[in-house]
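Survey of secondary and tertiary structure
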Amino acid sequence: MTRRWIPPILFVLIGFAVAARQVSAGSIGAGVALGMVFVLLAVALSPLVFPRSLAAADAQRRSAVDGRPIIYWRPGCQFCLRLRIRLGTAARRAHWVDIWRDPDGAAAVRAITGGDETVPTVVVAGQPHVNPDPGWLRGQLAR
């Protein structure tokens, strides 16, 4: 649970260090601006920008009922963040599973990818897709 917060915390700490150095050098505006950039990056890398994560078993059960895709992801993954941003509000129409929170989700991804935890891995109608094109997935969510 804690490791999913390591990248955002590191960005905040580095941002404060960079901002403090700028402020101590007399450049208050640059220090504040750089600090804000690092905080925004920390938020972007945190689990906060993703829809609520489900357990893999719950996501599979719900997907069987409503036909919505399952998206396996992990915090700090740039490809997961790209997918999340490109999906926009359509992201809420999928079931999201954080593989760092759910060992069964990580096992499902390893089974799909041949032993790797490559994310995002998306299961649409029982068919797995590793790092799919966001435009294609958005089209699947519109159905």
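This report concerns the structure included in the present document. Here the residue numbering is sequential within each chain, running from 1 through the sequence in written order. Only residues with pLDDT of at least 70 are given local features in this predicted model, and only at 80 or more are side-chain atom pairs given and counted; all residues enter the totals for whole chains, interfaces and linings. Note that the side-chain values use all heavy atoms of the structure and ignore hydrogens as well as water.

With that settled, the discussion passes to helix α1 (residues 6–24). Under the DSSP-based scheme used, a helix requires at least four consecutive residues in state H or I and a strand at least two consecutive residues in state E, with every element numbered from the N terminus. Here, expected helix span is obtained from the residue count minus one, scaled by 1.5 Å. Relative to the 27 Å expected for 19 residues at 1.5 Å per residue, α1 spans 27 Å between its end C-alpha atoms, a close match to the ideal helical length. Turning to α1, its buried residues number three or more, namely P8, G15 and A19. Mapping the buried residues of α1 onto a view down its axis gives an arc of 30°, with all of them on the same face. In α1, those exposed residues whose orientation departs by more than 90 degrees from the buried face are L13, A17, R21 and S24. As for α1, its buried residues are in contact with α2 (28–45). Count one or two residues on from α1 and you reach G26, which has phi positive near 95°. Relative accessible area decides the class of each residue, using a 1.4 Å probe on protein chains only: under 20% of the type maximum gives buried, over 50% gives exposed, and in between gives partly exposed. Here the arc refers to the set of directions running from the helix axis out to each C-beta atom. Note on definitions: a residue-residue contact is assigned when non-hydrogen atoms from the two residues lie within 4.5 Å.

Those residues of helix α3 (residues 56–66) that fall on the buried side of the exposure criterion are A56, D58, A59 and S63. Seen from one end, α3 has its buried residues packed into an arc of 155°, which puts them on one side. Across α3 from its buried face, at more than 90 degrees, point the exposed residues R61, A64 and V65. The inward-facing, buried residues of α3 abut β1 (70–73), β2 (95–98) and α5 (103–113). Where α3 ends, the next residue or the one after it, G67, has phi of about 75°, a positive value.

Another aspect to go through is the pairing of strand β4 (residues 127–130). A pair of strands is labelled paired if DSSP reports no fewer than 2 bridges between them. Here strand β3 (residues 121–124) pairs with β4 via four bridges, running antiparallel. In the strand pairing of β4, V124 is matched with Q127. If you look at the hairpin formed by β3 and β4, you'll find two residues sitting between the two strands, and A125 has a positive phi there, around 55°.

One open sheet accounts for four strands, arranged β2-β1-β3-β4; its pairing is mixed. Of all strands in the sheet, those with a lone pairing partner are β2 and β4, marking the two edges. Each strand axis lies, on average, 20° off the axis of its neighbour in the sheet, ignoring direction. In this sheet, β3 lies alongside β1 in antiparallel orientation, the contact comprising three bridges. With axes taken as lines fitted to C-alpha atoms, and helix axes fitted only over the stretch in contact, angles between N-to-C directions fall between 0 and 180 degrees.

Moving on to the packing of aromatic side chains. When the centres of two rings from Phe, Tyr and Trp lie within 6.5 Å, Trp using its six-membered ring, the rings pair. Their planes under 30 degrees apart give stacked, over 60 give edge-to-face, and anything left gives tilted. Per the counting criterion, the structure on display carries two aromatic pairs. Measuring from centroid to centroid gives 6.1 Å for F11 and F38, while their planes differ by 40°, and the two rings are tilted. With a gap of 27 residues between them, F11 in helix α1 and F38 in helix α2 connect regions that are remote in the sequence. F11 gets classed as partly exposed once you look at its relative accessible area, which sits at 27%. Here F38 falls in the buried class, since its relative accessible area comes to 17%.

Just to be clear on terms, a salt bridge is a Lys or Arg side-chain nitrogen sitting within 4 Å of an Asp or Glu carboxyl oxygen. Enumeration according to the criterion identifies three salt bridges in this entry. When the shortest N-O distance is used, the salt bridge between R61 and D58 registers 3.4 Å. With R61 and D58 both in helix α3 and three residues apart, this pair spans about one turn of that helix. On the basis of relative accessibility, which here comes to 52%, the residue R61 falls in the exposed class. For the salt bridge of R110 with E117, the shortest nitrogen-to-oxygen distance reads 2.5 Å. The exposure class of R110 is partly exposed, given its relative accessible area of 33%. Connected via shared salt-bridge partners are D58, R61 and R62.

In short, geometric facts, not functional conclusions.
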